[in-house]
Amino acid sequence: GWLPTLQVARHGSKAVTRHWKAMHFQRQKLMALTEYVAPRPLVPPRCVTPQEPKHQEEDGYARLLRRQVEEVFRHSRMIAVCQFNSMPDEDVVMMRHYLRKHNIEVKFVLNEIVRPVLSQSKYKNLLPLFVARNILLVSPEAKAKEMLRVLKGVPQVNLLGACIDDTILSRQGVENFAKLPSLEASQGQTVGALALLPSQTSSLLQRGPAHLAALLDQHIRRLQTGETGSAAEPGSAQSSGGQ
């Protein structure tokens, strides 16, 4: 077929008639004020649907440390809780050496290990003491006086409280306990006090019969002296009449 000798071809991109334009500031404020806000439910969803507890597998090392803490609290008569501040390693070694002389051991424990153990035991009243870096001074004997003597030279270790013979004591209570005499001396004083009352009672009960027996003996002597004197008087009279 026949084609025209002249053809018009359009080149280039398509014309864009719309460009992005920022919204006017007043219209932005109007849109923000008129934005729909859904009403809140009367009951929060977390109160309606119970959350399933997340079961986390317990670490074996933490379980071992927790078992060691339980053994310490079970087999120790004296458990002192102290606040431990930063100090040189040489001073720590010397403190442990002096305490070990009195059969007192130093235990470095973590609060996340001790607190679960105490919360389920009879020592749960000690929980407020474990709020910072703490150490435990444990002993199978009640060596409060020796412990205070050693801690007096270590200002970096502050005594917060203790449990002695299943009795929780404050710092002042531990100091008062250290001033008490030993168990043997207290037992001797108690036995002496208990033996004094029966002895006094026995002496009071025996005083009356003893006094009565002494009076009877004196009366018998007087009677015997009177009979002897009356028997001697007739003999002397006969001897005087014969003369």
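Data block above holds the structure.
Residues numbered from 1 in each chain as written. Predicted model: local features only at pLDDT ≥ 70, side-chain atom pairs only at ≥ 80, totals over all residues. Heavy atoms only, no water.

Caption draft 1: A nonpolar patch on the surface, seen in detail. Where nonpolar side chains cluster on the molecular surface, the patch consists of Leu 42, Val 43 and Val 48 and spans about 350 Å² of accessible area. Assignment of secondary structure puts Val 48 in helix α2 (residues 45–48). (Patch = residues over 30% accessible without salt bridge, like charges linked within 9 Å, V, L, I, M, F, W, Y side chains within 5 Å. Areas by Shrake-Rupley, 256 points an atom, 1.4 Å probe, with all protein chains shown as cover. Salt bridge = Lys/Arg side-chain N within 4 Å of Asp/Glu carboxyl O. Helix = DSSP H or I, 4+ residues; strand = E, 2+ residues; numbered from the N terminus.)

Caption draft 2: The environment of Glu 112, seen in detail. Mapping Glu 112 onto the fold places it in helix α5 (residues 111–119). Overall, Glu 112 belongs to the exposed group, its relative accessible area being 52%. Between the alpha carbons of Glu 112 and Arg 66 there is a distance of 9.5 Å; along the sequence they are 46 residues apart. (Buried < 20%, exposed > 50% of the residue type's maximum accessible area, 1.4 Å probe, protein only.)

Caption draft 3: Main features of the sheet that holds strand β5 (residues 167–170). On the basis of which strands lie adjacent, the open sheet formed by five strands has the order β2-β3-β1-β4-β5 and antiparallel pairing. Looking at which strands have only one partner, the edges of the open sheet turn out to be β2 (105–108) and β5. Taking each pair of neighbouring strands and ignoring which way they run, the sheet shows an average axis angle of 25°. With four bridges joining them, strand β4 (residues 157–164) and β5 adopt antiparallel strand pairing. Bridge assignment links Gly 161 to a residue of β5, and that residue is Ser 170. (Pairing = 2+ DSSP bridges. Axes fitted to C-alpha atoms, helices over the stretch in contact; angles between N-to-C directions.)

Caption draft 4: Focus on the packing of aromatic side chains. Summed over the entire model, instances satisfying the criterion amount to two aromatic pairs. With a centroid separation of 5.2 Å and 50° between ring planes, the pair formed by Phe 73 and Tyr 123 is classed as tilted. Taken as a pair, Phe 73 in helix α3 (residues 60–74) and Tyr 123 in the loop between α5 and β3 (134–139) lie far apart in primary sequence, 50 residues in all. Across the pair, exposure class does not vary: Phe 73 and Tyr 123 are buried alike. On the numbers, 5.4 Å between centres and 90° between planes, the contact of Phe 84 with Phe 108 is edge-to-face. Here Phe 108 lies in strand β2 and Phe 84 lies in strand β1 (residues 78–84), a separation of 24 residues in the sequence. For Phe 84, a relative accessible area of 7% translates into the label buried. Given the relative accessible area of 40%, Phe 108 is considered partly exposed. (Phe/Tyr/Trp six-rings, centres within 6.5 Å; stacked < 30°, edge-to-face > 60°.)

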